[in-house]
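Understanding the architecture of this molecule
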Amino acid sequence: DNRELVAAARRMEYDSFAENDCFEIVLRKSLPPKARVNTSRELLQWKIPGKKVKCRVVLRGFQDNREWLITESPTLKNESFRLLLQFAADLGLEQIAVDLKTAFLQGELYEEKIYWTPPEEFRKYYDIQPDEVCVAKKSIYGLADAPRKWYEKLASTLMNGKIMEKYVCDD
């Protein structure tokens, strides 16, 4: 039944918000007087029709009025990627590939407050009352700087050697 698949995808997405400590719930009346509250929506994408669905809670980033945002995030051209793979092969290094299901939700913490109203199913799941809104604590899909926040976390982790230390040779 498709409803069960959608419900399971929702649970996985909603749980990932809590596991990654991406939001907190606050009373709407506690917000600063001119605070902007972004809306959000839920996106469902069928990966395999009738068999696999992905759910994402997405903030409507076009409502974000932070003017000083740094939105660019480094990307890798195909030629550069091939060069890195060739370099690793020449050195006999192990190459790994990973798919992070909740990459953006693992981004750096936000210093500023980004308020948002969650979709109805998210409200029900976390028992969020009508007079309550959420505060984004980490990057969330849809925000203009979410890719940048994810990159900052990835770069910091790699530069500190937390992931790569077991792959580096002592030669």
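For clarity, every value in this text was computed on a predicted model and none was experimentally measured. (Residues numbered from 1 in each chain as written. Predicted model: local features only at pLDDT ≥ 70, side-chain atom pairs only at ≥ 80, totals over all residues. Heavy atoms only, no water.)

The next subject is the nonpolar core. Phe17, Trp116, Phe122 and Ile140 are the most contacted members of the largest nonpolar core, which has 19 residues in total. Ignoring any residue separated from it by four or fewer positions in sequence, one finds Phe122 in contact with Tyr14, Phe17, Phe23, Val57, Trp116, Ile128 and Cys134. One finds Val26, Leu31, Tyr115 and Val133 within the second-largest nonpolar core, a separate group that totals five residues. (Core = buried A, V, L, I, M, F, W, Y, C linked by side-chain atoms within 4.5 Å. Buried < 20%, exposed > 50% of the residue type's maximum accessible area, 1.4 Å probe, protein only. Contact = heavy atoms within 4.5 Å.)

Next up on the list: the pattern of salt bridges. In the structure shown here, the tally under the stated rule is four salt bridges. Asp21 is the partner of Lys137 in a salt bridge, and the nearest nitrogen-oxygen pair spans 2.8 Å. Of the two residues, Lys137 sits in strand β6 (residues 132-138) while Asp21 sits in the loop between α1 (2-19) and β1 (23-27), which places them 116 residues apart along the sequence. Relative accessible area serves as the criterion here: at 21%, Lys137 is assigned to the partly exposed category. (Salt bridge = Lys/Arg side-chain N within 4 Å of Asp/Glu carboxyl O. Helix = DSSP H or I, 4+ residues; strand = E, 2+ residues; numbered from the N terminus.)

Our next topic: the confidence of the model for the protein chain. Here the protein chain averages 81 in pLDDT, while 80% of its residues score no lower than 70. Here helix α4 (residues 146-159) stands out as the element of the protein chain with the lowest mean pLDDT, 74, in contrast to helix α3 (residues 120-126), whose mean of 96 is the highest. Throughout residues 166-171 the model reports pLDDT below 50, and contacts reaching past four residues in sequence, or to other chains, amount to three contacts. (pLDDT = per-residue confidence, 0-100.)

One can find Ala136 in strand β6. Note on Ala136: relative accessible area 2%, which makes it buried. With 24 residues separating them in the primary sequence, Ala136 and Glu112 have C-alpha atoms 9.0 Å apart. Apart from residues no more than four positions distant in its own chain, Ala136 is found in contact with Cys22, Tyr110, Ile114 and Trp116.

A separate point is helix α2 (residues 78-91). Compared with an ideal rise of 1.5 Å per residue, which puts 14 residues at 20 Å, α2 spans 20 Å between its outermost C-alpha atoms and is within 8% of the ideal. Burial analysis of α2 places just one of its 14 residues in the buried class, which makes it a mostly uncovered element. Positive phi appears at Gly92, one or two residues downstream of α2, with a value of about 70 degrees. (Expected span 1.5 Å × (residues − 1).)

The tally for this structure, following the rule as stated, stands at eleven aromatic pairs. When the centroid spacing of 5.1 Å and the interplanar angle of 85 degrees are considered together, the rings of Tyr125 and Tyr126 count as edge-to-face. Classification of Tyr125 by relative accessible area gives partly exposed; the value is 34%. Members of the aromatic cluster, connected to one another through ring pairs, are Tyr14, Phe17, Phe23, Trp116, Phe122, Tyr125 and Tyr126. (Phe/Tyr/Trp six-rings, centres within 6.5 Å; stacked < 30°, edge-to-face > 60°.)

To continue, consider the side chain of Glu13. Its location among the elements puts Glu13 in helix α1. The exposure class assigned to Glu13 is buried, which follows from its relative accessible area of 2%. Here the side chain of Glu13 touches Arg56 through a polar contact of 2.9 Å, side chain to side chain. Not counting the four nearest positions on each side in its chain, Glu13 is found in contact with Cys55, Arg56, Val57 and Tyr141. (Polar contact = N/O pair within 3.5 Å; in protein donor to acceptor, adjacent residues only side chain to side chain.)

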